[in-house]
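This is what each chain is made of:
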Amino acid sequence: MATKPLFTEAEAQVYEKETVARNNADVRVAADQDVGKAYNDFWWDRGNQVVPTLRTSLIIDPEDGHVPALSDYGKQVQAERANQRRLRGPADGPESRSLAERCIVWPTGGPPMMPSFYNNNYQFVQGPGYVGIYIEMIHDVRIIPTDGRSHVPSNIRLWLGDPVGHWEGETLVVETTNFTNDSPFNGSSKDMKLIEKFTRINKDVLMYEFTVNDPAFVRPWTAQIPMSSVEGPLYEYACTEGNYAMEGILAGARQGEK
Amino acid sequence: MRKFLGILLAVAPLYAHHAFSAEFDSTKPLKMTGVVTKVEFINPHSWIHIDVKDDAGKVTSWMIEGGSPNTLFRRGINKDSLPKGTIVVVDGYQAKDGSNRANGRDVTLADGKKLFVGGSAPTEQPGK
């Protein structure tokens, strides 16, 4: 679909059907993969329809709809990250496990914020001088000042980066910097400058557009996601509170060492 | 409810929040029938506690790992939806450390109906 920006209605239906079938966790497969599927389909909450704009890719720039290649710098950052990972065993301790498993940050929780396989919801709260975005996956609240302040000093690096926002008419524009190299998005680096635009285009749709400016990529890129309204409330996904699985993973690794 | 597909940018792996393959043993598949004693709708994953009686009448308690409680609440399922005493059939994999924990790969009710019937197919209504 690289050369085709839009689906026809008929193509969209076929794509939806194929994708839903492929993701169907009720289909049992060979044991080693089956255990990775975790549980049956009821627990999952993946997408089942293409976006109403019928776009074949959420990426609107570049035109081919693909994430641009990593630059030499981006490859270097990625290699360093992989090397850091290699210095630890798969489950030496909780620190060896992913940030997501440790309930610290979720790779698609953002920013930028992307749908995942469940808990794909956000709550926006707007007040004088601030906008708050509660990200259901995995528990974070982004507090975005809109009072004209500048970013925190560059020596302060944050999992979710440092956001500052302003209004352009009906659009909230948020610029986020001060990221780390440890929570990449499609290969992004600590030097990402992320521009997000939120525009409520009608009662039920909040258009979300983000542009990744990062020397880790050979060029900037932009994606667009229509967010549809859902009934509240959102429940707190305080992932750390009952994370029995971490104990199970570490116990499994110790058993394997015997 | 419309759920949009993250085309091409679908970076989420085909795995759960946690690497179930690190926690559960694919060489220890199991199928057992038990009675629900407790349901923990906790984050990040739900746990269903069951008592399983073997042929000699000995009762063993098991914990079965499920998914995010948020998804269930949104579909109208709560603590009362799976009362104590419900008989369930668990088809999953035992924990690698050999403890009485398993993932609930498929959990069905005694009459064969899937527990929490639903799905992500567009024609299906959540919670029905």
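This is a predicted model, so every value here is computed, not measured.

Student: Quick rundown of the overall build of chain B? Include the residues and the values.
Tutor: In terms of regular secondary structure, chain B is built from two helices and five strands. What you see in chain B, going N to C, is helices and strands ordered as α-β-β-β-α-β-β. Taking all 128 residues of chain B together, 41% fall into the buried category. A separation of at least 24 residues holds for 53% of the contacts in chain B among residues at least 6 apart in sequence.

Student: Can you break down the overall build of chain A residue by residue, with the values?
Tutor: Looking only at helices and strands, chain A features four helices and nine strands. Listing every helix and strand of chain A by position from the N terminus yields α-α-β-α-β-β-β-β-β-β-β-β-α. Against the compact-globule benchmark of 18 Å for 258 residues, chain A has a radius of gyration of 20 Å, which places it among compact chains. By principal-axis analysis of the C-alpha atoms, chain A measures approximately 65 × 50 × 40 Å.

Student: Which residues make up the sheet that holds strand 2 (residues 47-53) of chain B, and what are the values?
Tutor: All names here are of chain B. Here we have five strands rolled up into a closed barrel, ordered 1-2-3-5-4, and mixed in their pairing. Strand after strand, the sheet turns through a mean of 55° between neighbouring axes, direction not considered. Inspection of the sheet shows strand 1 (residues 24-40) paired to strand 2 by five bridges, in the antiparallel sense. Considered in strand 2, the bridge of Lys-38 is made with His-49.

Student: Summarise the sheet that holds strand 2 (residues 122-127) of chain A; cite the residues concerned and give the values.
Tutor: Residues and elements named next belong to chain A. Sheet architecture is open: three strands sit in the order 2-3-4, paired in antiparallel fashion. Looking at which strands have only one partner, the edges of the open sheet turn out to be strand 2 and strand 4 (141-145). Strand-to-strand twist across the sheet, computed as the mean angle between neighbouring axes with direction ignored, equals 15°. Pairing geometry for strand 2 and strand 3 (residues 130-135), over six bridges, is antiparallel. Bridging from a neighbouring strand, Tyr-122 pairs with Ile-135 of strand 3.

Student: If you had to explain the domain arrangement of chain A to someone new, which residues and values would you point to?
Tutor: Parsing chain A into structural domains produces domain 1 (1-56) and domain 2 (65-87 + 104-242). Relative placement of domain 1 of chain A and domain 2 of chain A: their C-alpha centres are 24 Å apart.

Student: Account for the pairing of strand 3 (residues 59-65) of chain B, with residues named and values stated.
Tutor: Residue and element names in this part refer to chain B. In this structure, strand 2 lies alongside strand 3, joined through seven bridges in antiparallel fashion. Counted as the bridge partner of Ile-50 is Trp-62 from strand 3. Pairing geometry for strand 3 and strand 5 (residues 101-109), over three bridges, is parallel. Bridge pairing links Glu-65 to Asn-103 in strand 5.

Student: Explain helix 4 (residues 244-257) of chain A to me, using residue names and the numbers behind them.
Tutor: All names here are of chain A. Taking 1.5 Å as the rise per residue, helix 4 with 14 residues should run 20 Å; its terminal C-alpha atoms sit 20 Å apart, in good agreement. Residues of helix 4 that are buried include every one of Ala-245, Met-246, Gly-248, Ile-249, Gly-252 and Ala-253, and no others. All buried residues of helix 4 lie within an arc of 165° about the axis, which places them on one face of the element. Facing away from the buried side of helix 4 by over 90 degrees, the exposed positions are Arg-254 and Glu-257.

Student: Describe the environment of Met-227 of chain A, and please don't skip the residues or the numbers.
Tutor: Residue and element names in this part refer to chain A. Mapped onto the secondary structure, Met-227 falls in strand 9 (residues 221-228). Put simply, Met-227 and Phe-198 are 29 residues apart on the chain and 9.7 Å apart in space, counted from C-alpha to C-alpha. Ignoring any residue separated from it by four or fewer positions in sequence, one finds Met-227 in contact with Tyr-122, Val-205, Leu-206 and Tyr-208.

Student: Account for the confidence of the model for chain A, naming residues and giving values.
Tutor: Close inspection of predicted coordinates is inappropriate in any region flagged by low pLDDT. Per-residue confidence for chain A gives a mean pLDDT of 89; residues scoring 70 or more make up 97%. Across chain A, the secondary-structure element scoring lowest on mean pLDDT is helix 2 (residues 31-34) of chain A, at 76, and the one scoring highest is strand 6 (residues 171-177) of chain A, at 98.

Student: Before we move on, can you summarise unusual backbone geometry with the specific residues and values?
Tutor: Residues and elements named next belong to chain A. With an omega of 5°, the peptide bond between Asp-61 and Pro-62 qualifies as cis. When you line up the elements, Pro-62 lands in the loop between strand 1 (59-61) and helix 3 (72-86). In this model, Leu-54 sits at a positive phi of 60°, which is unusual for a non-glycine residue. Residue position: Leu-54 is located in the loop between helix 2 and strand 1. Despite not being glycine, Asn-119 has its phi angle at roughly 55°, a positive value. Structurally, the position occupied by Asn-119 is in the loop between helix 3 and strand 2.

Student: Tell me about the environment of Ala-21 of chain A, and please be specific about residues and values.
Tutor: Residues and elements named next belong to chain A. Along the chain, Ala-21 falls in helix 1 (residues 9-23). Using a count of 10 C-beta atoms within 10 Å as the deciding quantity, one classes Ala-21 as exposed. Put simply, Ala-21 and Asn-48 are 27 residues apart on the chain and 9.8 Å apart in space, counted from C-alpha to C-alpha.

Student: Describe the nonpolar core, with residues and values.
Tutor: Ranked by size, the top nonpolar core spans 24 residues in total, and within it Ile-249 of chain A together with Phe-24, Ile-48, Ile-50, Ile-64, Val-90 and Ala-102 of chain B carry the most contacts. Counting only elements with at least two residues in this core, the list comes to helix 4 of chain A together with helix 1 (20-23), strand 1, strand 2, strand 3, strand 4 (87-95) and strand 5 of chain B. Considering every element that reaches this core, the biggest residue donor is helix 4 of chain A, with four residues. Filtering out sequence-adjacent residues up to four positions away, Ile-64 of chain B remains in contact with Trp-47, Ile-48, Ile-50, Val-90, Gly-92, Ala-102, Gly-104 and Val-107 of chain B. Of all hydrophobic cores here, the second largest spans 16 residues; its members include Cys-103, Met-114, Ile-138 and Val-174 of chain A.

So, how was this worked out
- Residues numbered from 1 in each chain as written.
- Chains lettered and ligands numbered in written order.
- Predicted model: local features only at pLDDT ≥ 70, side-chain atom pairs only at ≥ 80, totals over all residues.
- Helix = DSSP H or I, 4+ residues; strand = E, 2+ residues; numbered from the N terminus.
- Buried ≥ 20, exposed ≤ 12 C-beta atoms within 10 Å, placed from the backbone.
- Contact = placed C-beta atoms within 7 Å.
- Rg over C-alpha atoms; globule rule 2.2 N^0.38 Å.
- Pairing = 2+ DSSP bridges.
- Axes fitted to C-alpha atoms, helices over the stretch in contact; angles between N-to-C directions.
- Domains from an automatic or database assignment.
- Expected span 1.5 Å × (residues − 1).
- Arc of directions from axis to C-beta.
- pLDDT = per-residue confidence, 0-100.
- Core = buried A, V, L, I, M, F, W, Y, C linked by C-beta atoms within 7 Å.

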